[in-house]
Structures are given as structure tokens and as C-alpha cells.
Amino acid sequence: MSVLTENTATPGKPLAQRINWVKLAPWLYTIGLFLAWELLVIVLQTPPTILPAPSRVFQAIVQYWSPIWKNSLQTLYTTTVGFAIAVVAGLAIGLFIGWSKAIYAGLYPLMIGFNAIPKVALVPILVIWFGIGAVPAILTAFLISFFPIVVNVATGLATIEPETEDVLRALGAKKLDIMLKVGIPRSMPYFFGSLKVAITLAFVGSVVSETVASNYGLGNMMSSAQSQFNVPLVFAGLLMLAVEGIAMYALMAWIEMRMTGWAHRSTMSQ
Amino acid sequence: MTHLVSIDNVDMRYGGAAGTLAVSGLTMKVGKGEFAAVVGPSGCGKSTLMKLVTGLHIPQSGVVVVAEKQVTKPVSIVGMAFQNPTMLPWRTTLDNILLPLEIVERHRHRLRANKKEYVEKAEHLLETVGLKGFGSKFPWQLSGGMQQRANLCRALIHEPELLMLDEPFGALDAFTREELWCVIRDLHAAQGVTIILVTHDLREATFLADRIFVMSARPGKVLKEHAVPFARPRDLEVMYEKAFNDMVHELHGEIASARVVA
């Protein structure tokens, strides 16, 4: 699309018309947010222990780069491992409960009840079982992110058109045939769509657990920074989390487009 | 004439002993190679009829015999097409048409080794229905009429002895519908397949069928059976003859009174 814009733009046009504003918009809005934040701090003269200006936060990132980098990698690691387990387990459980109406009816209330439990309340239990460190963080990330995957996969399977099923069953198709030929491909857009939700939730899980029960990770770094009133470092941690979240979300969105392009035909045909 | 489909005094009730009785005392025989149409007021159990013949439902009483075998499980000698084309959007039109071959027992083990032969057959079918060269397109790139043509190809690819059509042209505009009538007429003439067409359109039934069954309101049974006298091959012009209109008129009267009784 961008290639097309560049080709069609004649060199004689003024600069403002040659810029692809839609592509530029995310960057402009982000810069705008930081500028507004900076201005707010200057106008209200808030002390850095309450709300540090973004310039002060960036300064903190440079200053504490080594711990920030290590802890960011740690958080990314626990999150992705927890997320990966959630993908495998979520897909498996989703297919399992989408398989039959009885399993669906039996497990669904349990799943909802389980999902309603605040995961932060589970962290102490996980600590009792596994001690503090990476394992509770990975498990919390997994527990919080697998529910949307299960629900979406099961929904995809449960919404097969009855006519399609009739056509195939009349030909002698077994349940497994219908699942392989129709159910699973059909639920893939739901599955990949849910990954975007799940990955951001996984960050919530891992950081909550690191904050409460770990000696590593951004969660731990922010809670120790807070106890030392190093508020710019807390904000630096938040910023790093936001960056990691956006990067992983973009990765999931890209995978979604690659794998299930047929489900996004309206955007493809443009 | 030997009967390919024979339904004898069949009752079918949904949802247990107290459920709705969909058809009751249904008796119907369709000969091999015949084109039968089933018409009737809405809710007369036409869809139930489809499911009984294909073995998706097993009746509580009475006997359904297809190809000299009593139906106790899905019979794989049928092809089905519904009003909704139900093409799978992640497969190309050609792969959609090949789908039944991946299911039917007698083809699924041969498919991989004989792919070329099957693809040729599918492309020949596509040509027959006027979709030559559209095999590589995805279903959502085709119009409604084209999807329904592809749907017919999918119903025919495994060379079924019996083709069950449930209002296949219901959602199409009048001109496309007439075109597809001719397509299905020619397929029937060329392949000698037995067809049962369930429809609301009396002109469609009269134009296409050899025999028309008029069903009563629920619980459905056959009220009347008509042999359609017009010689084959029929041209669309036949619809403007007086005898044709009289027949449609008569059918209309019968269904109207069946509705009143209900």
C-alpha cells in the first residue's frame, strides 16, 4: 500500500500531500502524548516523586539501563513462556470443550468461575507450591491468558453452519472428519484473534506475580524503586512494559494476518 | 421401474414422545433416474424428508429404503445442496468441490494418488455449469449465483446416484434462477442422476420435474402426486404455454387448501 502511495504521488505535489498521514498517525499521537505530559508537569510544577516528566523518565532509562534491560528481558521471558503454555493448553482445552455439547455444558461454568478469581490471589498459593521466582510468574501469566483462547476456539467450533455439517455427515463423515476439515480451520481466526488479547493479559499476570513474589523482573524492579521513592524508575519500568506489550501485540497481529488472511478479505481487497 | 428411493408409511417426531410430529404416514417412491419435486406449505416437513432420505435422521416408525438398502445410517451415495451454498471460505472453489472426495470412503484413499484425475473431473464439472477457469478463485470472490453453481459441482463430484436439493435457487434473482434451472436440467439429462428437489417455487417444480409430490401441512404427508406431461428436453418457453400454467395453477390451489386445513 505504501509503495502505491509513493508511486502515484507526483514530485510536483506539496510535501503535506505526499505524506501518508495514516501511517504516521501512531507516531505523531505518541509524541503528542509525551509533549502534553511534559507540558502538564512544567505548568503544574509537580515534583518528580509524584509525577516525573517524560524527559526525566527517559533520563532514568539511560541512567539505569543495565538493570532495566535485564529485568525487561526477564519479564519478557516469563510472559512468553506463560503465554506459550496458555496457547498450547488453551487450544487443546478449546478443542476439547468444543468437541461435544455435554463437555461444553459441564466445563463452561467451571471455566467462568475460575476466570472470575483474581489471579493476584493465586500468587501466594503458587509461592507456597513453587517458591518465589520465575515459576509463579510464568504460571500466573499462563492462568490469566488461557481463558480467552479457550473461549474463542470453542466459539469457533460451536458455530459451524448446520448445513455444512449435514452435507458432510450425509457423505459419511465422522466427527473427527468434520473437526479437521471444517471445525479447526473455522476456529483459527477466533484463535489468532484471541492471541492479541491473551498476550497483553499475560504481561499483567507476570508483572503482578513479580511484584508480589520475585527477585527479578520489571514488577520486582518497580516495587523496589517505589520503596526507595525512585518514581522516575517506576515510570521507566511502566514505559518498558508498554513497549514490550505493543511489540508482542504487533507480532500477534502480524501472525494473525499471515495465518488467516481469508478471514480479513475486506482489508485485503482494498 | 425400480425405485431408488422408497419411503413407506414413515413417522418422524422431534424431541421425544411429546415432541412435534414432523411427518406422519409419509409414503413416496422415486424411480431411478427420475426427477422428483416436493412442494407444499411452509413447515410441511420438507427438510425432514431430506434428512430421512440421506439417513441423517432415522424414523421412529416406517421404512426408508434407498438403493435397495434400508436406511439406518447416513447413505454416502447422495449429494446435497442447500439454499445457503456453505462454501468454506479458506478453500478455493476447486478445493471446495473436491471436499466430498476427502470424506467418501471409496474416494478418500485414492484421492492423493489420483489427484490429477479428480481435478480434471472437477474442472469438467465447473465447465458444465459455466464456471470454467474459476476454480482458483475463493468462494467469496464469486457472486451468489456462481457460488450456487459451485455448490452443485460439489454435490455432484463423487458421482452420487441421488442428488437432494433443498431450495437451492431460493436466494437468487429470477434470471440467474432460470439459468440454473437449465444447468440442472442439462445435468440431469447428461448424467442420469436421480434428483429430489424440495422447493416453494411451483414453476420451478413444474419446469424441472417428472413427478411432483404435494405435501400437507404439519404433520406432513403426501396429499397428491402429479406426473408432469411435458416432453423433454424442455425449453424455458414451455413456461408460457397454457397447459403449463394450468398445472401451476392447479398445484397452487392444492397448496392453498392444504394451508387452510392447517
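Residues numbered from 1 in each chain as written. Chains lettered and ligands numbered in written order. Predicted model: local features only at pLDDT ≥ 70, side-chain atom pairs only at ≥ 80, totals over all residues. Heavy atoms only, no water.

Moving on: the overall build of chain B. Counting secondary structure elements, chain B contains 8 helices and 10 strands. Summarising its shape, the C-alpha atoms of chain B cover approximately 55 × 45 × 35 Å along the three principal directions. Counting only residues that meet the buried cut, chain B has 54% of its 262 residues in that class. Across chain B, contacts joining residues at least 24 apart in sequence account for 69% of those joining residues at least 6 apart. Of the roughly 11500 Å² of accessible surface on chain B, a fraction of 53% belongs to carbon and sulfur atoms. (Helix = DSSP H or I, 4+ residues; strand = E, 2+ residues; numbered from the N terminus. Buried < 20%, exposed > 50% of the residue type's maximum accessible area, 1.4 Å probe, protein only. Contact = heavy atoms within 4.5 Å. Areas by Shrake-Rupley, 256 points an atom, 1.4 Å probe, with all protein chains shown as cover.)

Within chain A one finds 13 helices and 0 strands. Going from the N terminus to the C terminus, chain A shows its helices and strands as α-α-α-α-α-α-α-α-α-α-α-α-α. Here the C-alpha atoms of chain A give a radius of gyration of 23 Å, more than 25% beyond the 18 Å that 2.2 N^0.38 yields for 270 residues. Its C-alpha atoms put chain A at 75 × 70 × 30 Å along the principal axes. Surface exposure of chain A reaches about 14700 Å², of which carbon and sulfur atoms provide 72%. (Rg over C-alpha atoms; globule rule 2.2 N^0.38 Å.)

Structurally, the α-helix is built with 3.6 residues per turn, so residues lying three or four positions apart point the same way. Residues and elements named next belong to chain B. Counting buried positions along helix 1 (residues 46-54) yields 7 of 9 residues, so the element is predominantly enclosed. Regarding helix 1, the residues found buried are K46, T48, L49, M50, L52, V53 and T54. Backbone geometry just downstream of helix 1 places G55 in the positive-phi region, at approximately 85 degrees.

Splitting chain A by domain gives domain 1 (2-44) and domain 2 (56-263). For domain 1 of chain A and domain 2 of chain A, the distance between their C-alpha centroids amounts to 33 Å. (Domains from an automatic or database assignment.)

Residue and element names in this part refer to chain A. With respect to the helices and strands, the residue L126 is situated in helix 7 (residues 123-130). The exposure class assigned to L126 is buried, which follows from its relative accessible area of 7%. Taking C-alpha positions, L126 is 8.4 Å from T140, a pair spaced 14 residues apart along the chain.

The next point concerns the sheet that holds strand 3 (residues 35-39) of chain B. Residue and element names in this part refer to chain B. Strand order in the open sheet formed by 6 strands is 6-7-8-3-9-10, with mixed pairing between adjacent strands. Where the open sheet ends on each side, the last strands, each with one partner, are strand 6 (78-82) and strand 10 (222-227). Within this sheet the neighbouring strands show an average axis-to-axis angle of 15 degrees, counted without direction. Strand contacts of helix 5 (residues 144-156): strand 6 and strand 7 (162-166), with the helix running at about 165 degrees to strand 6, the strand carrying the most contacts. (Pairing = 2+ DSSP bridges. Axes fitted to C-alpha atoms, helices over the stretch in contact; angles between N-to-C directions.)

The tally for this structure, following the rule as stated, stands at 12 aromatic pairs over all chains. Measuring from ring centre to ring centre gives 5.0 Å for Y104 of chain A and Y108 of chain A, while their planes differ by 10 degrees; the resulting arrangement is stacked. Of this pair, Y104 of chain A and Y108 of chain A both sit in helix 6 (residues 101-116), 4 residues apart, roughly one helical turn. Under the relative-accessibility criterion, Y104 of chain A is labelled partly exposed at 28%. Residues F138 of chain B and W140 of chain B carry aromatic rings whose centres are separated by 5.5 Å and whose planes lie at 15 degrees to one another, so their mutual orientation is stacked. The aromatic ring of F114 of chain A is capped on one face by K119 of chain A, whose charged end is 5.5 Å from the ring centroid. (Phe/Tyr/Trp six-rings, centres within 6.5 Å; stacked < 30°, edge-to-face > 60°. Lys NZ or Arg CZ within 6 Å of the ring centre and 35° of its normal.)

Counted by the stated rule, this structure contains 1 cavity of 30 Å³ or more. Taken together, V167, A170 and L171 of chain A together with V78, G79, M80, P100, R154, A155 and H158 of chain B make up the lining of the largest cavity. Elements with a contribution of two residues or more to the lining of the largest cavity: helix 9 (162-170) of chain A together with strand 6 and helix 5 of chain B. (1 Å grid on protein atoms, 1.4 Å probe; cavity = no way out; pocket = protein on both sides within 12 Å on 5 of 7 lines; lining within 4 Å. Points joined across faces, edges and corners; volume = space filled by probe spheres on them.)

With that out of the way, let us pick up the interface of chain A and chain B. Each side of the interface is counted separately: chain A has 17 residues, and chain B has 23 residues. A combined buried area of about 2000 Å² lies between chain A and chain B, and 72% of that area is made up of carbon and sulfur atoms. With its nearest N and O atoms 2.9 Å apart, the salt bridge here joins K181 of chain A to E102 of chain B. Here chain A is connected to chain B by 3 residue pairs in polar contact (both at pLDDT 80 or more). Considered class by class, the residues forming the side of chain A that touches chain B number 8 nonpolar, 2 polar and 7 charged. (Buried area = accessible area lost by both parts, 1.4 Å probe. Salt bridge = Lys/Arg side-chain N within 4 Å of Asp/Glu carboxyl O. Polar contact = N/O pair within 3.5 Å; in protein donor to acceptor, adjacent residues only side chain to side chain. Nonpolar A, V, L, I, M, F, W, Y, C, P; charged D, E, K, R; others polar.)

Another aspect to go through is the nonpolar core. Ranked by internal contacts, the top residues of the largest apolar core, which has 51 residues, are L163, L165, I184 and I212 of chain B. Not counting residues up to four positions away in its chain, the partners in contact with L163 of chain B are G79, A155, L156, I184, V193, T194, I195 and I196 of chain B. With 49 residues, the next largest nonpolar core counts F83, L122, A141 and A236 of chain A among its residues. (Core = buried A, V, L, I, M, F, W, Y, C linked by side-chain atoms within 4.5 Å.)

In this section: the sheet that holds strand 5 (residues 69-70) of chain B. Residues and elements named next belong to chain B. An order of 2-1-4-5 is seen for the 4 strands of this open sheet, with the pairing classed as antiparallel. The open sheet has two edge strands with one neighbour each: strand 2 (21-31) and strand 5. In the sheet, strand 1 (residues 3-13) pairs with strand 2 via 7 bridges, with the strands oriented antiparallel. Residue pairing in the sheet places H3 in a bridge with G31 of strand 2. The sheet contacts of helix 1 involve strand 1, strand 2 and strand 4 (61-66), and relative to strand 1 the element is tilted by about 120 degrees.

With respect to the helices, strands and loops of the structure, T93 of chain B is situated in helix 2 (residues 93-103). Setting aside anything within four residues of it in sequence, one finds T93 of chain B in contact with L126, F134, G135, K137, F138, P139, L142 and A150 of chain B.

Here the focus is the packing of helix 2 of chain B against helix 4 (residues 115-128) of chain B. Between two packed helices, the angle of one axis relative to the other and the distance separating the axes together describe the packing. Residue and element names in this part refer to chain B. For the pair helix 2 and helix 4, interaxial distance at closest approach is 10 Å and the crossing angle is 115 degrees. Crossing angle aside, the handedness with which helix 2 passes helix 4 is right-handed. Mapping the contact onto sequence places T93, L94, I97, L98 and L101 in helix 2 and K115, Y118, V119, A122, E123 and L126 in helix 4. Across the contact of helix 2 with helix 4, the residue classes break down as 8 nonpolar, 1 polar and 2 charged. (Left-handed = near helix turned anticlockwise from the far one by under 90°.)

The next thing to look at is unusual backbone geometry. A cis geometry characterises the amide bond from R232 of chain B onward to P233 of chain B, with omega recorded as -5 degrees. Structurally, P233 of chain B is set in the loop between strand 10 and helix 8 (242-261). One non-glycine residue, Q45 of chain A, adopts positive backbone phi at about 50 degrees. The exposure class assigned to Q45 of chain A is exposed, which follows from its relative accessible area of 68%. Although it is not a glycine, A67 of chain B sits at a positive phi angle of roughly 50 degrees. For A67 of chain B, the position within the fold is in the loop between strand 4 and strand 5. Here A67 of chain B falls in the partly exposed class, since its relative accessible area comes to 26%.

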